[in-house]
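# Remarks on the overall topology
Below are the chains, spelled out letter by letter.
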Amino acid sequence: MSHSTVPRSGTEAATPAKTPAASADATGARERRGGGRPGLRPRLRRDRVLILMTLPAVTLLLVFNYLPILGNVVAFQDYDPYVSDNGIVSILHSPFVGLENFRRIFEDPDFWGAVRNTLVLFLLQLVLFFPVPILLALLINSVVRPRVRAVAQAVLYLPHFFSWVLVIAVFQQMFGGAGMLSQLLRQHGYDGLDIMTDPHTFPFLVTAQSVWKDAGWGIIVFLAALASVPQDLYEAAAMDGAGRRRRMWHVTLPALRPVIALLLVLRVGDALTVGFEQILLQRDAVGPDAGEILDTFVWWNGVRNQDFGYAAAAGLIKGVVSIGLVLTANKVAHLMGEQGVYEK
Amino acid sequence: MTAVVDRPTGRPGRWAAPARPAWEEEPSKAGLAGKALVLSLACLAVLFPLWIVVVTSLSSRRTIDEAGGLVIVPRGITFIAYQELLGGGQVTRAAVVSILVTLAGTLFSMTVSVLCAYGLSRTGSLGHRWILMVLLATMFFSAGLIPTYLLVQSLGLTDTYLALILPSAVSVFNILVLRGFFMGISQELLDSARIDGAGDLRILWQIVVPLSRAVLAVITLFYAVGYWSAWFNASLYLNDQDKMPLQNVMIQLVQRQQQPVGLGQAIRTGQLSGLAVQMAVMVMALLPVAVLSPFVQKHFKKGMLTGAVKG
Amino acid sequence: MTPNAASSASTGTGRRSFLASTAVAAAAVAGGMPLLSACGGADNGSRDGTTSGKNARKILPAYVASGVVKPDIPSRNGSSMGFTAKLDVGALETSVPKKLGKGGRVTVMSPFWGSPPKQDNPYYTSMNDLIGVDVQWRNQDGNTYDQKLGAVLASSDIPDVVVVPGWNMTGRIPSAIIGKFADLGPYLSGDRVKEYANLAAIPSDAWQRSLFGGKLMGLPMPASYVQNIVPLYRRDVFDKEGYEVPKSADEFTALCKEITRPRSKRWACGDMKWTAFNTFGVISGGEKALGWTVAGGKMINRIETPEYLEALEWARKLMAAGYVHPQFRLGKSQIGDPTPLFTSGELLIWNNDISNWYGVQASQITQNPGFKVWGMDLWAHDGGDPTFWAANPASVFAFVNKKASESVVRDVLAVANVTAAPYGTKEWMMTNYGVEGTHYTLKNGLPVKNDKGNNEVTNAFVMVASPAATIAHPDLPDYTKGMVEWQQRVGSFTRKSSFWGLQITEPSRYTNLADDFEQLEDDIVRGHKKIGDMQQAVSDWKRKGGDRLRDWYSELLDENGPAAS
């Protein structure tokens, strides 16, 4: 869930990097190489400091990532946040209602609307966002002047570091009812246009924002993959009479294929997460019919309506399905012969 | 992992094209022009809106009225919007809050992450696989918004700045990148230090950290940008409007079109342009990021990819 | 009422996820709670129902009228009292002879529309000095108040005073109010209120609205029961262009067409939904219980009436035709403060809380002398005699934290006793105009707010409690007159629905039932949803509890009898 913003930075570039698998391999190898392991006590004495060093991070994760899992019991309750002034105490005082919340969710057209919007956005981003960094990377890679490359990269990376609040504010100034586009249209005798509040084009708007913000950043991975193609391959292909286009087809694209496949699979694994903050900020502008996704559905019902049990149930459904998706995606990645996030 | 920027250059003149390999054919004029056009358009798509934001923030009420709103061509520059915003009050306070939370949060996150990454960087150390599992598993699940909210609330973090730092302090991804980089440091070097009697903390501080400047710069930037950009936790956990960071104030002032505390009357009566004030807030939010990130840019590739891919 | 209540106009009842709420409703039904738990019950632990009649009389504060200044225009047809005679600022009376505050610190969370002043500004500090209490404000954006209110009430960190407008009492908020706030009965019931003379002068019908769960809990902000939304218009521009104030829905539409010129950044109006409801005679939507009334021997809800749909359709057409300023296409949490659009002439008609009739005018006086805002008379959509539905005589309440010590409660009451001071007193002057020389200056003997006054004296304090509904603007007496007379004209066509004046807590299983209707209304007006969707929602509402809720209200009416007599 993206409400913890920090870990999200850099996930795009992260993907090929998510290779604890590789490290696990290395670990195994070194251990094996090391031969007989010393006993537990001496190892503890030796590694005590190392373990202590991991404690702060591990504690934070246990408290803020693991412990709340237990809180999902409210999904099975008619949770009353006002029974006490402490969330945990309120859990103890709220009645259990079994699967009632889930039954209601499945009958709730708003929930299914949120599912539909989530999937539509996911597909749209897949089709319209995903290819952009690849194309940009190919373009930049073909630029030979280092200064031009550096400047172009600096410019294109920049929006990645902007907050969603800022990105949406920028879009509002460009495409909103009082924005640049409307202003120009009006000055030239046309009526203004408000793209920011049009529910019909909302999925495209959201995708365009994602492209503006993150497509530039996404090229890092592909540039790296492109850079790792040995130059002799190109040379050999050229010697064999392959032209620009054929070299692209036979050398460059195959080199990118594994990265593309991996990113694609991982994206599918993350299909139900389509930009919580971005959409929450714009939900009201287009109305929930177009602007409600699963994550905002949870927010609305829980934070806004104080219907925590119901919201938690929806969140739990999303969470469970997401785990299934991500595990499946990794499985597929393995079958395709790529490094997944984890190793069996 | 080297080539992107370090492709054979060798020619003097930073804007000049380096030598083209003998086997590569000369590109067509049309192709070059097309490439240049697309690339320029892409860069323009990023820079044009920013230009307008900056120019409008520096324009007077009169210029803005003449332009009918946003200003493309600057006509005289005034810093009045900034003077009003930075003269104490809501936006000044929000900027200070954002800066302090970003500094404190980044320092905390970096300390925790570097320690953890180093602690996990020696393969075969006791419990290291288990701890790694604890870290990795978090990449697969999320406890969910509601339970996390209830927990933070139960811990009494509501309305404290800790709620903006602690729940999102650790990025497992960042730790893995750091760890990957640390593991790439020559073991011989570390072993000799150890033989000299150096403890792990000293090795980390005196050898590992200096050798990892690039990756540390990158990860610091990631954390800092994360804290600087965050608004959701503040909207969720802070009740006191006076504690709100800059992003949340930006939501109020730009997205919800409210007037800054204390400046409402000046804007309602037209003494101050509401639009210029909005733009100035946006500039304040983007400026630190736009200024700092290009400096770190040269490390992105090196820090990120080497760090990550090694592992 | 709230000065900058710009958006309380567009706010009305809260919105809520309709279906989510039915889940709770059904869960509760499944849990087998009794259908009707004692109405008017106080001591049996029941939280729903209402408190009226004999039960209410036992706990209501005694009424002791204050006669500091006689109103020039007495209240008629439910209007406020109007004061138009020249105010002698030099000879103000003192209504609080002895500082009642004990110097404690009181934190107040309150919704705020527009731009709040800085903390510790001269207005706040002088008010605090006058009261003898250090009041610390925790203002929240009024447009999104509901998002914070729930969270704050669930936390252990509830401020000493929380202001809750009636339209934010959705979902579980009413039960939170009953559970989390203090019973003020021991301080105010019966003769005890006499210790606080200005509170004793608050009319009983406002106190009646402050009864929650059988206890006296709220400090009310008395209001005229004439509904508060006025279509404000730029009279200066109307005069210049020769526009006529419309007398029917069709005339209004025609006028909009004449005004709107998007190319020169001019639109006719803002979102006219609330005016549409009024001019089509839709039963009040200000609060849940107000929306029920007996018509033709049957209990009906506003959403079931044909007028409701007609009004929405009319408001939708205005927006679809492009007469509405594009800013209003944004959702209500994003509209922000449209005042600058109105003052700069981007829109000429803006339906708003009546307090802005004066408020907008006053804010422009010093800078834009030619500026003139006025309120349109409400028309009947067909041009005939209109029917309007009464608002409640108090809709905004301040509550005291249950955990507050007695000295904090006393300090809060000291604050309220000053802010509720009647017109003509020193306390009223300070609350509404601030400090002479700092916030207002005397021009021809009349106080005129300067920019600092307009920035700082934004009536945060009146949220804690106010005097009997008063309109008094010594600097603009013709505005006072215009506003009161407007109320009296509208008041003469105003009816009260069956539960007018009562504070009713619905059984918790129904509380979320209608929460999505406001969102749906806004979606329809903006063309995101169709009238057919509303009809569907209404039939779902009936099936999922609306009909049972109807029975509940019918029984409540049988037990209590009609409130409005």
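Here, residues in each chain are numbered from 1, in the same order as that chain's written sequence. Each chain is given a letter, starting from A, and each ligand a number, starting from 1, according to the order in which they appear as written. Where local features are concerned, this predicted model is filtered to residues with pLDDT of at least 70; where side-chain atom pairs are given and counted, the filter is 80 or more; whole-chain, interface and lining totals use all residues.

An unreviewed UniProt entry lists chain C under the name Lipoprotein, with Streptomyces capoamus given as the organism. UniProt positions are given in the numbering used here, feature names are shortened, and annotations may be inferred rather than shown by experiment. According to UniProt, the comment filed for chain C under the heading Subcellular location (unreviewed entry) is "Cell envelope". Heading Sequence similarities (unreviewed entry) of the UniProt record for chain C holds this comment: "Belongs to the bacterial solute-binding protein 1 family."

Going by the annotation in an unreviewed UniProt entry, the name recorded for chain A is Polysaccharide ABC transporter ATP-binding protein, with Streptomyces capoamus given as the source organism. UniProt, in its Subcellular location (unreviewed entry) section for chain A, records the words "Cell membrane". Among the UniProt annotations of chain A, the heading Sequence similarities (unreviewed entry) holds the following wording: "Belongs to the binding-protein-dependent transport system permease family."

As a further point, take the UniProt feature "transmembrane region" (unreviewed entry) in chain A. Residues and elements named next belong to chain A. When the UniProt feature table is mapped onto this chain, "transmembrane region" (unreviewed entry) is found at residues 49-69, 119-144, 156-175, 215-234, 255-276 and 308-329. Labels follow the DSSP assignment, with helices taken as runs of H or I lasting at least four residues and strands as runs of E lasting at least two, numbered in each case from the N terminus. With 85% helix and 0% strand, the stretch residues 119-144 has end C-alpha atoms that lie 40 Å from each other. Here residues 156-175 runs as 70% helix and 0% strand, with 20 Å between its end C-alpha atoms.

The contact rule is simple: place each C-beta atom from the backbone, and if two of them lie within 7 Å, those residues are in contact. Contact with chain A, which involves 103 residues of that partner, is made by 112 residues of chain B. Counting residues per element, the side of chain A that touches chain B draws most heavily on helix H3 (residues 40-71) of chain A, which supplies 19 residues.

Quick look at the sheet that holds strand E10 (residues 267-269) of chain C now. One key point about sheets: their strands pair by backbone hydrogen bonds, in either a parallel or an antiparallel sense. Residue and element names in this part refer to chain C. The mixed open sheet is built from four strands, whose spatial order is E10-E13-E9-E14. A strand with exactly one partner marks an edge of an open sheet, and here the two such strands are E10 and strand E14 (373-375). Between one strand and the next, the sheet's axes are offset by a mean angle of 30 degrees, whatever the strand orientation. For two strands to be treated as a pair, DSSP must find no fewer than two bridges joining them. Strand direction decides the pairing type here: E10 and strand E13 (residues 347-353), joined by two bridges, are parallel. Think of each axis as a best-fit line through the C-alpha atoms, taken over the contacting stretch in the case of a helix, with angles from 0 to 180 degrees between the N-to-C directions.

A few words now on helix H6 (residues 173-180) of chain C. Residue and element names in this part refer to chain C. Partly exposed residues are those falling between the two cut-offs: more than 12 but fewer than 20 other C-beta atoms within 10 Å of their own, whereas 20 or more means buried and 12 or fewer means exposed, with C-beta atoms placed from the backbone. In terms of residue burial, H6 counts as a mostly covered element, since seven of its eight residues are buried. Considered for burial, the residues of H6 that qualify are Ile 173, Pro 174, Ser 175, Ala 176, Ile 177, Ile 178 and Lys 180. Looking at the packing, one finds that the buried side of H6 touches helix H5 (145-154), strand E5 (161-165), strand E6 (211-212), strand E16 (394-400) and strand E21 (504-505).

The interface is formed by 32 residues belonging to chain C together with 28 residues belonging to chain B. Contributions of two or more residues to the side of chain C that touches chain B are made by strand E4 (134-141), H5, helix H14 (332-335), helix H15 (339-343), helix H16 (355-364) and helix H19 (451-456) of chain C. Ranked by the residues each element gives to the side of chain C that touches chain B, the list is headed by E4 of chain C, at four residues. For the side of chain C that touches chain B, the class distribution of residues is five nonpolar, 19 polar and eight charged. Charged means Asp, Glu, Lys or Arg here, nonpolar means Ala, Val, Leu, Ile, Met, Phe, Trp, Tyr, Cys or Pro, and polar covers whatever is left, Gly included.

UniProt's feature table lists "domain: ABC transmembrane type-1" (unreviewed entry) at residues 115-329 of chain A, given in the numbering used throughout. The span residues 115-329 of chain A shows a helical share of 77% and a strand share of 0%, and its end C-alpha atoms are spaced 20 Å apart.

The next subject is the sheet that holds E4 of chain C. Residues and elements named next belong to chain C. Taken in spatial order, the five strands make up an open sheet running E4-E3-E5-E16-E8, and their pairing is mixed. A single partner strand is all that each edge strand has here, and the edge strands are E4 and strand E8 (219-222). Ignoring which end each strand starts from, the neighbouring axes of this sheet average 20 degrees apart. In this sheet, E5 lies alongside strand E3 (residues 105-112) in parallel orientation, the contact comprising two bridges. Within E5, the residue paired with Val 108 across the bridge is Val 161. In the packing of H5 onto the sheet, contacts are made with E3, E4 and E5, and the angle to E4 comes to roughly 125 degrees.

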